[in-house]
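What follows is the residue order along each chain.
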Amino acid sequence: MTRHFLRDDDLSAAEQAQVLDLADLMKKDRHGYRPLAGPQTVAVLFDKHSTRTRLSFAVGIAELGGQPLIIDASSSQMGRGEPIEDTARVLTRQVAAIVWRTAGQERIETMARYSSVPVVNALTDEFHPCQILADLQTVREHRGTLAGLTMTYLGDGANNMAHSYLLGGALAGMHVRIAAPARYQPDAVILDRAAEIAATSGGSVVALSDPYAAADGAHVIATDTWVSMGQDGKEERAAALLPYQVNGELMRQAAADAIVLHCLPAYRGMEITADVMDGPQSVIWDQAENRLHAQKALLAFLLGAG
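In this report, the structure presented in the accompanying data block is examined. (Residues numbered from 1 in each chain as written. Predicted model: local features only at pLDDT ≥ 70, side-chain atom pairs only at ≥ 80, totals over all residues. Heavy atoms only, no water.)

### Remarks on the packing of aromatic side chains
Using the criterion set out here, one finds one aromatic pair in the structure. Relative to Tyr-165, the ring of Tyr-153 has its centre 5.7 Å away and its plane inclined at 40°; by these criteria the two rings are tilted. Of this pair, Tyr-153 sits in strand 5 (residues 150–154) while Tyr-165 sits in helix 6 (residues 160–171), placing them twelve residues apart in sequence. When the ring centre of Phe-46 is taken as reference, the NZ or CZ atom of Arg-54 above it lies at 4.3 Å. (Phe/Tyr/Trp six-rings, centres within 6.5 Å; stacked < 30°, edge-to-face > 60°. Helix = DSSP H or I, 4+ residues; strand = E, 2+ residues; numbered from the N terminus. Lys NZ or Arg CZ within 6 Å of the ring centre and 35° of its normal.)

See the structure below:
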């Protein structure tokens, strides 16, 4: 049966830990794992702009012995209206896996239904699961464990990062707090699913409106840009989310040894201040690098080499 990774809970808790363990090994031995030797080709499709995702998948596929085929979907026949089903049928006969950054979650789910090779979500409007794997790897590196830690996300609680933190953090047995204004709270269905997972992992999930209550004693503080790709109303969103800015005052509410995450790109002075982003508690650049290692491990796992 073909395995896909379309959202964080497509992995079990044990499988998530297995991928993270493999990511650590691959980070120590960058060129020691070659499941794509041949080279086999992996199609990496982009409907949206990308820096870290494009870079990390291209480099990672090459380091796994494969050939990355980077496709700008807007310049392909998909951009002219070819059905996703037909594109999937063509790709699946020629590539070892398909990685796609697109808009609605239903698009990548359609691709997976018609693909006989693994399909990986490189970001949709609803989830960003590859980023969360890298974030969890980073937290383990700096804190030694995941289970039992409190991870607080501040900002737009209805975006893809918040949703993936809920699911991925719950799988890891973490206590996940999402702090956001009332109109930017997480999707209730996803919050319920995360609570269901947390009940079996020993973790917990909660959505709050008070940023300082959410940050109180937290071991990990995470944020994201307030305006995601394709969203309107920048000024309105910035006004509503300003109290959720990650700054020095808020960090004093967290644990003394708390670490700071941001999936990038960041806008210093908006969702995070420069002194925090560039300060000693920031592990943002480790986090960005770990996209490479976590995604290599994920591809190896999905292809049966994990």
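Here the narrative resumes.
### Digging into the sheet that holds strand 8 (residues 220–223)
As summarised here, the arrangement of the five strands in space is 7-6-5-8-9, forming an open sheet in which the pairing is parallel. Each end of this open sheet is capped by a strand with a single partner; those strands are strand 7 (204–208) and strand 9 (259–262). For this sheet, the mean angle separating the axes of adjacent strands, direction not counted, is 20°. Pairing geometry for strand 5 and strand 8, over four bridges, is parallel. Bridging across to strand 8, Leu-154 finds its partner in Thr-223. (Pairing = 2+ DSSP bridges. Axes fitted to C-alpha atoms, helices over the stretch in contact; angles between N-to-C directions.)

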